[in-house]
Structure formats: C-alpha cells, structure tokens
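Structural overview for review
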Amino acid sequence: MTDVAESLVPTPHGDARAHVARPPGDPRGLMMLGHGAGGGVTAHDLQLATAVALGAGLVVALVEQPYRVAGRRAPAPPAQVDAAWRTVAEHVHSGELADLPLITGGRSFGGRVACRTSADVGAVGVLCLAFPLHPPGRPEKTRLPELTAVTVPTLVIQGERDPFGVPDSATLPDGHTLVVVSGDHSLKKDAPAIRAAIASWLGMVLTPSPGTSS
C-alpha cells in the first residue's frame, strides 16, 4: 500500500487538508485533485485517478477544502474555495516538487474549482471527473464557460446518464478531450474505461512536444 502523508494547510478561509501520496522512484509530475461539493477524497473516481497517476509516476495530492475540514457539507462561495485551492497549490507545488509539471482537477465541484484556477496555479493540464455542466433539470444554468475558459489540455470524463448533463464535444475548444462512459454522475460503473482514458491522457500531457527539451 502506498504511504499517504496528511497535513493541514492554512488558507485565508481556514485549514485545508492535503493527502499526499508518492510513486516509487523519482516523480515526473504532480497531480492535485479536489472532491465533490458534499463529498470527500475517498470518492471512487478520485481513487481511480490517484492509482493511475501514481502508476504513471506522479505525486498525487488529494485536497479537502476548509469547509469540509470544518465538518460542513454545504460548499463555501466560489471566491473562498478558489482562494483556498490556490493557497494549497502554492504549498504543495513547492520545495522538491516545485519544478514538476502540475496537473489539477477534481470530481464534479472540484473540477469546477480546478478549471477556474488553472491559469492562476500554472497547471499544464486539467482533469474533470463528472463535470457538473448544469444543475439537474436546469440546462439553462450552464457552467460551460468555466470549462471552455481553460487554455491547457483538459480531459472530461462523463457518465452517459449524468443528470448534471454531458457536454457536446462540438462546444469544447481544441485541447479538450471528452470521454463518455457507462453510468451516471457517480462514475462508479466503468472503471476500466476511466483508467484507460486517464492513462492515455496523462501520457499525452507529460510527453514533451517534438523539438522541446525535456
């Protein structure tokens, strides 16, 4: 079993908690993932992503927002969760890990936070697990602009029956990859497809372009 180091990270809106797991050998990247609005870092899809990333040689930091550390289920306002996320990213992506490429992402609400802050934290890629495109039954309340504003490679993995909606690939900019799998918003049904999609995408993001020095 991989050892996980837990630490509290002071932020402007209370302590966040980072669960950091390291791969064997020298890491080739850092992945930082956030939880769903009322959930935690033990969610099935977050654990799948963690296992794939560790296998690909990445350090993985699973981050609990301050409102969850404090025992609340209702999310804090976007400005607060985004500020906390930026603070944790600065804390984790430092020291011996400072020069590693940083990939951010998360499950549902956590993916929204990662999208909104991707440029601020210098992410080279964003992983969205069950991005909540709109509230159930309210397609007019779209959050698509948060997703399309990301300017680095982005992987969106969505259940085909997700009541929060499934993005239309035609509405996504270049560099965004949509993978639709069996199941709903929980992403609990098709683990092999989810693993394969993440592994393939990580290989692309972490492979230097031709003519780029490594």
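In this report, we go over the structure that sits alongside the text. All of these numbers come straight from a predicted model, not from anything done at the bench. (Residues numbered from 1 in each chain as written. Predicted model: local features only at pLDDT ≥ 70, side-chain atom pairs only at ≥ 80, totals over all residues. Heavy atoms only, no water.)

Moving on, we come to the packing of aromatic side chains. On inspection of all chains with the given rule, the structure shows one aromatic pair. Geometrically, the ring pair formed by Tyr67 and Phe109 is edge-to-face, given 6.2 Å between the ring centres and 90° between the ring planes. Taken together, the positions of Tyr67 in helix H2 (residues 66-69) and Phe109 in helix H4 (residues 109-121) put the pair 42 residues apart, joining distant regions of the chain. Like Phe109, Tyr67 is buried. (Phe/Tyr/Trp six-rings, centres within 6.5 Å; stacked < 30°, edge-to-face > 60°. Helix = DSSP H or I, 4+ residues; strand = E, 2+ residues; numbered from the N terminus. Buried < 20%, exposed > 50% of the residue type's maximum accessible area, 1.4 Å probe, protein only.)

Of note in this structure, Ser108 is not a glycine but carries a positive phi near 50°. Along the chain, Ser108 falls in the loop between strand S5 (102-107) and H4. By relative accessible area, which is 10% here, Ser108 ends up buried. Unlike most non-glycine residues, Ala130 shows phi in positive territory, near 60°.

The next thing to look at is the pairing of strand S3 (residues 29-34). Taken across its six residues, S3 has six buried, putting it largely inside the fold. Burial along S3 is two-sided: Gly29, Met31 and Leu33 and Leu30, Met32 and Gly34, pointing in opposite directions, are all buried. Across six bridges, S3 lies against strand S4 (residues 58-64) in parallel orientation. Of the residues in S4, the one forming a bridge with Gly29 is Leu58. (Pairing = 2+ DSSP bridges.)

A few words on the sheet that holds strand S8 (residues 176-181). Pairing in this open sheet of eight strands is mixed, and the strands run S1-S2-S4-S3-S5-S6-S7-S8 from one edge to the other. Two strands in the sheet have a free side with no partner beyond their single neighbour: strand S1 (4-11) and S8. The sheet shows a mean angle of 20° between the axes of neighbouring strands, taken without regard to direction. Bridging between strand S2 (residues 14-21) and S4 involves five bridges; their strand directions are antiparallel. When the bridges of S4 are listed, Arg17 appears paired with Glu64. Those strands touched by helix H3 (residues 78-92) are S1, S2, S3, S4 and S5, and its axis lies near 130° from that of S1. Along the sheet, H4 contacts S3, S5 and strand S6 (125-129); its crossing angle with S5, the most-contacted strand, is approximately 155°. (Axes fitted to C-alpha atoms, helices over the stretch in contact; angles between N-to-C directions. Contact = heavy atoms within 4.5 Å.)

Our focus in this paragraph is the nonpolar core. Counting residues in hydrophobic clusters, the biggest one holds 35 residues, and the most contacted among them are Met32, Val88, Cys115, Val126, Cys128, Phe131 and Leu147. The set of elements that each furnish at least two residues to this core consists of S2, S3, S4, H3, H4, S6 and helix H5 (144-148). Residues in contact with Val88, not counting those within four places in the same chain, are Val9, Thr11, Ala16, Met32 and Val63. Grouped together as the second largest cluster of nonpolar side chains are 30 residues, Met31, Ala53, Ile157 and Ile194 included. (Core = buried A, V, L, I, M, F, W, Y, C linked by side-chain atoms within 4.5 Å.)

The terminal C-alpha atoms of H4, which comprises 13 residues, lie 18 Å apart, in line with the 18 Å expected from a rise of 1.5 Å per residue. The largest bend along H4 measures about 35° and falls at Cys115. Listed as buried for H4 are Phe109, Gly110, Gly111, Arg112, Val113, Ala114, Cys115, Thr117, Ser118 and Val121. In this structure, the buried side of H4 is in contact with S3, H2, H3, S5, S6 and H5. The positive-phi residue at the C-terminal boundary of H4 is Gly122, with phi of around 75°. (Expected span 1.5 Å × (residues − 1). Bend = angle between axes of the 7 residues up to and from the residue.)

Right, let's talk about helix H1 (residues 44-55) for a bit. Over its twelve residues, H1 extends 17 Å from the first C-alpha to the last, a length consistent with the 16 Å expected when each residue adds 1.5 Å. For H1, the complete set of buried residues consists of Asp45, Leu46, Leu48, Ala49, Thr50, Val52, Ala53 and Leu54. Its buried side turned inward, H1 meets S2, S3, S4, S5, S6 and helix H6 (191-206). Phi for Gly57, located one or two positions after H1, is positive at around 90°.

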